[in-house]
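The chain contents come next:
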Amino acid sequence: MTESNHRKPRVLSGVQPSGALHIGNYLGALLQWKDLQDTYENFFCVVDLHALTVPENVKPAVLREKTLEVAALYLASGIDPKRSTVFVQSEVSAHAELAWVLTCASPLGWLNRMTQFKSKSESAHTVGAGLLTYPALMAADILLYEADQVPVGADQKQHIEFARDVAARFNELYGPTFKLPNPMIPPTGARIMGLDAPEQKMSKSTGEKAPGHAIGLLDAPNAVKKAIMRAVTDTGSELVWAEASPGLKNLVSIYAAISGETPDVVAARYEGRGYGYLKKDVAEAVEGTLAPLRARYAEIRGDVGYLDSVLDAGAERARAVADPVLARAKIAAGLGRTR
Ligand code: AQP
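The rules behind these values
Residues numbered from 1 in each chain as written. Predicted model: local features only at pLDDT ≥ 70, side-chain atom pairs only at ≥ 80, totals over all residues. Heavy atoms only, no water. Near = heavy atom within 4 Å. Polar contact = N/O pair within 3.5 Å; in protein donor to acceptor, adjacent residues only side chain to side chain. Areas by Shrake-Rupley, 256 points an atom, 1.4 Å probe, with all protein chains shown as cover. Nonpolar A, V, L, I, M, F, W, Y, C, P; charged D, E, K, R; others polar. Axes fitted to C-alpha atoms, helices over the stretch in contact; angles between N-to-C directions. Helix = DSSP H or I, 4+ residues; strand = E, 2+ residues; numbered from the N terminus. Parallel < 35°, antiparallel > 145°, perpendicular 65-115°, else oblique. Left-handed = near helix turned anticlockwise from the far one by under 90°. Contact = heavy atoms within 4.5 Å. Buried < 20%, exposed > 50% of the residue type's maximum accessible area, 1.4 Å probe, protein only. Salt bridge = Lys/Arg side-chain N within 4 Å of Asp/Glu carboxyl O.

J.: Give a description of the site of the ligand that names residues and reports values.
T.: Around the ligand, the structure places 24 residues, and the nearest of them are Ser-18, Lys-120, Asp-155, Lys-204 and Ser-205. Contact distances for the ligand include 3.3 Å between an oxygen atom and a side-chain N or O atom of Gln-116. In the model, an oxygen atom of the ligand is placed 2.5 Å from a nitrogen or oxygen of the Lys-204 side chain. If the ligand stood free it would expose 640 Å²; the protein chains cover 98% of that surface. Across the shell around the ligand, the residue classes break down as six nonpolar, 13 polar and five charged.

Given below as structure tokens:
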């Protein structure tokens, strides 16, 4: 842990290639990643091992394609591979190896308490063990890079607290080994709700099944507009911010996260006006963000070999950081013959 005193602080984050990325993933995660690139040393991975936790949801050929899609969306969102290390989690074997070591250090009670496990296991056809031990894999992702900060949406806060707790437990069991990470959650856009059901978080997996739930980053302009214009609000017709329903608050949050204003400032402009004005402006703001992103995405996917070269170089850089940390953890735990 000594070299960490001499380097830029580090950031690690990732997205699962478990479906089509949506505006919540963008506003909660990707948008903040982009702005961290000059201040931090950044590691952004496509966490494909996590996408296996509900295997029925992602067929192998789809997983391969989604992995490339997510990586290309990172770059299209402004992640610069010269300043940030972009890689695929399963191509750096230290993640799976450390995940086992941390799974063994994870009390079952802690895993059982995770709200994401509870909600995902309710809807899963068969509940795989990986769904339960997912936070230990996520802890491995973070701890391998000695990340200082983990920029995520609000739903991942509990998993980062778990990573801190398991790191502290490992350090207690085997001596100081891991640095404890901190969550970095944006003030606005950290929890974008489903457009069809604003009491539920917008999620990739629900978006795959329910049209009108999510705004996909690669959705066609008319689909984006339609989803926003049809977003569930309430039976009123003019905005009264003090009494706004979850659906209206969600639309205002989306606008505020894109414009960089606070929700109160945005809402003040629409106070007493019909919901249609707000929806129309949200649709324009979202399209203003997505149009250039889609164009850049098409360029990246059209440049044969470019994405592979970025991911090959990223995996190599990631291994150079992760492998020594894994080796240190294995020695600390008494694994293998090296002292
Ligand atoms: N609705 C959301 N609002 C704000 N941020 C969100 N994130 C997810 N949903 C929202 C953030 O996006 C990043 C990537 O998430 P993930 O792929 O690791 O998994 P997740 O949090 O479980 O995301 P989804 O979209 O709900 O996917 P599925 O349906 O596959 O589980 C994280 O930083 C997350 O906080």
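Having seen the model, we can carry on.
J.: Describe the packing of helix H3 (residues 60–76) against helix H13 (residues 275–302), and please don't skip the residues or the numbers.
T.: Where H3 contacts H13, the axes come no closer than 9 Å and their chain directions differ by 125 degrees. Looking at the two axes, H3 sits oblique to H13. Crossing angle aside, the handedness with which H3 passes H13 is right-handed. Here H3 contributes Glu-65, Leu-68, Glu-69, Ala-72, Leu-73, Leu-75 and Ala-76 to the contact with H13, which in turn contributes Leu-293, Arg-296, Tyr-297, Ile-300 and Arg-301. Classifying every residue of the contact of H3 with H13 gives eight nonpolar, no polar and four charged.

J.: Go over the environment of Val-86 with me, naming the residues and quoting the values.
T.: Here Val-86 is to be found in strand S3 (residues 84–88). By relative accessible area, which is 1% here, Val-86 ends up buried. Put simply, Val-86 and Ala-214 are 128 residues apart on the chain and 25 Å apart in space, counted from C-alpha to C-alpha. Ignoring any residue separated from it by four or fewer positions in sequence, one finds Val-86 in contact with Phe-44, Tyr-74, Leu-75, Ile-79, Val-310, Leu-311, Gly-314 and Ala-315.

J.: Which residues make up the pattern of salt bridges, and what are the values?
T.: Following the criterion strictly, the structure yields 17 salt bridges and no others. Between Arg-10 and Glu-146 there is a salt bridge; the shortest N-O distance is 3.8 Å. Note that Arg-10 is positioned in strand S1 (residues 10–15) and Glu-146 in the loop between helix H7 (129–143) and strand S4 (149–151), a separation of 136 residues in sequence. Summarising the burial analysis for this pair, Arg-10 and Glu-146 share the class buried. Across the pair Glu-146 and Arg-328 runs a salt bridge whose closest N-O atoms are separated by 3.2 Å. You can see Glu-146 sitting in the loop between H7 and S4 and its partner Arg-328 sitting in helix H14 (residues 306–333), a full 182 residues away along the chain. Judged by relative accessible area, which is 1%, Glu-146 ranks as buried. According to the relative accessible area criterion, Arg-328 is partly exposed, its value standing at 26%.

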